[in-house]
Amino acid sequence: MSKSFKTFLKHTAKDYHNQSVNPPVVRASTIIFKSMQDIRKTQKKAKKDPRGGHFDYGRQGTSTTHVLQKILTQMEESYHVFLTPTGFGSVFLAIFSVARPGDEILVADPVYSPTRLLTQDFLKEFDIKTVFYNPHNLKTLEENINKKTKLIFVENPGSNSFEFQDLGKIISVAKKNNILTAIDNTWATPYFFKPIKLGFDMSIVSATKYYSGHSDVMGGSLAVNKKVFKQVQRADKITGLRLGPDDAYLITRGLRTLDIRLDKHEENAKKIAAFLSKYKNIKLLYPYKKDSFNFRMWKKYYSGASGLMGLKIKSKNKNSVIKFVNALKLFGYGYSWGGFESLALHQDTREQGNRKYLNLAKDEHLVRLHIGLEDPKDLIEDLRQSLKFIK
Ligand SMILES: Cc1ncc(COP(=O)(O)O)c(C=O)c1O
């Protein structure tokens, strides 16, 4: 029987051997075998089938991490998924798997600020040059391609500014020029958009966010196609960037309800967007307004939207915008997102990063909201009473 992915998420990874509905947490550094022949047999199998879950040492994982890899590989419709201890570890692994001294990489201007630091500053020390392109003008991407260009690194939508790019166009430009592609797909997850299916070679998700969903664990996933599998496998082995079994278990547990939570985050976020769209001093950075380029690009590739949005607030009084954020009672102030709770952050220059194409006027301020799973009526009331502080 072919099952829908929603059903698959609920029924997968049962442990019939131990009669438990969830997989066991197998913690191991040493993995014990019955004999030397048994060790060699497992090593042979691992060589022949590197995706198959044959382990001879704990750093390679255990059945607990393998279960999570199998679920994510199916969700991503990818060739394989590598797991890292943080989402940023997956960003690092993707880039260091393929970029080498003398190479150039093209990076979307609005990437997550640590990704920007890695590509803009750190890669220089390895003689890898980074050029940032304008996400709204893909000519800036094409103009900067040359023989040395190895990788195009996309984040969609842009971090904090939520620009949506024409992803199909990026892939066709990359393929025409024989350049590899990677995308940070944390905002949507493959539940709403499957990058490998569209043609990306690598797709990153910070499992810290919606996969785990409960703000209590960190992790990352890097889905790959067959073309880059061997390169990433080699780097994965050498860097030792591996996820531990307890974290893998929590992420697997979170995935059971990923669909339900994301559907509800979207439903709540759309209600909040409808409410905020009535405020003339606020520009919503969320795929809500149907006649915009962002909306069209979102609609073209995505089946849904998650709960993270930006507000561009026009005010000559920055402190009044901070007052608005501080007046919120149901939104916590803190980094990360993707958990069940609502969060708010005033985005200062540090979060905005050193961007060329942010298009933020002096009297415009960025606020990021993560819309959680609370009753949206309460969230709207909270916003209504707090927005009064903006002057
Ligand atoms: C878009 C995006 N990618 C990657 C990361 C990094 O993930 P982690 O915090 O799990 O390292 C974050 C974290 O905020 C993020 O927002």
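Here the structure is a predicted model, which is why all the values come from computation and not from measurement.

The rules we used
Residues numbered from 1 in each chain as written. Predicted model: local features only at pLDDT ≥ 70, side-chain atom pairs only at ≥ 80, totals over all residues. Heavy atoms only, no water. Salt bridge = Lys/Arg side-chain N within 4 Å of Asp/Glu carboxyl O. Buried < 20%, exposed > 50% of the residue type's maximum accessible area, 1.4 Å probe, protein only. Pairing = 2+ DSSP bridges. Helix = DSSP H or I, 4+ residues; strand = E, 2+ residues; numbered from the N terminus. Contact = heavy atoms within 4.5 Å. Axes fitted to C-alpha atoms, helices over the stretch in contact; angles between N-to-C directions. Core = buried A, V, L, I, M, F, W, Y, C linked by side-chain atoms within 4.5 Å.

J.: When you look at the pattern of salt bridges in this model, what are you seeing that I'm missing?
T.: Where side chains of opposite charge bring their charged atoms close, a pairing between them can arise. With the rule as written, the count across this model stands at 16 salt bridges. Note that Asp109 is salt-bridged to Arg116, the shortest N-O span being 3.0 Å. A residue is classified by how much of its surface remains accessible, and Arg116, at 6% relative accessible area, is buried. A salt bridge links Glu266 to Lys270; the nearest nitrogen and oxygen atoms lie 3.2 Å apart.

J.: I would appreciate a short explanation of the sheet that holds strand S9 (residues 308-314) in the present structure.
T.: Pairing between sheet strands relies on hydrogen bonds along the backbone, with the strands arranged either parallel or antiparallel. Strand order across the open sheet formed by 5 strands is S8-S9-S12-S11-S10, with mixed pairing between neighbours. A strand with exactly one partner marks an edge of an open sheet, and here the two such strands are strand S8 (282-285) and strand S10 (332-333). As judged from the 5 bridges shared by strand S11 (residues 343-347) and strand S12 (residues 364-370), these two strands associate in the antiparallel manner. Of the residues in S12, the one forming a bridge with Gln347 is Leu366. Along the sheet, helix H12 (residues 258-276) makes contact with S8, S9 and S12, crossing S9 at roughly 10 degrees.

J.: Sorry if this is basic, but what is going on with the pairing of S12 here?
T.: Within S12, 7 of the 7 residues are buried, which leaves the element mostly enclosed by the surrounding structure. Because side chains alternate across S12, one face comprises the buried residues Glu364, Leu366, Arg368 and His370, and the other comprises His365, Val367 and Leu369, equally buried.

J.: Would you explain the nonpolar core in this entry?
T.: Note on soluble globular proteins: their nonpolar side chains tend to be buried together. Counting 111 residues, the largest nonpolar core has Trp187, Met309 and Leu369 as its most contacted members. No other element matches the 7 residues that H12 contributes to this core. Sequence-distant contacts of Leu369, that is, excluding residues within four places in its chain, are made with Leu276, Gly307, Leu308, Met309, Leu311, Leu328, Phe331, Leu343, Ala344 and Leu383.

J.: Any chance you could explain the sheet that holds strand S2 (residues 104-108) here in plain terms?
T.: Spatially, S1-S7-S6-S5-S4-S2-S3 is the arrangement adopted by the 7 strands of the open sheet, whose pairing is mixed. Every other strand in the sheet has two partners, leaving strand S1 (80-84) and strand S3 (129-133) as the edge strands with one partner each. Recorded for the sheet is a direction-independent mean angle of 20 degrees between the axes of neighbouring strands. Direction of pairing for strand S5 (residues 180-184) relative to strand S6 (residues 202-206): parallel, over a ladder of 3 bridges. The partner of Ala182 across the bridge, within S6, is Met202. Against the sheet, helix H7 (residues 167-176) touches S3, strand S4 (149-155) and S5, its axis set at about 175 degrees to S4.

By themselves, these figures tell us nothing about what the structure is for.
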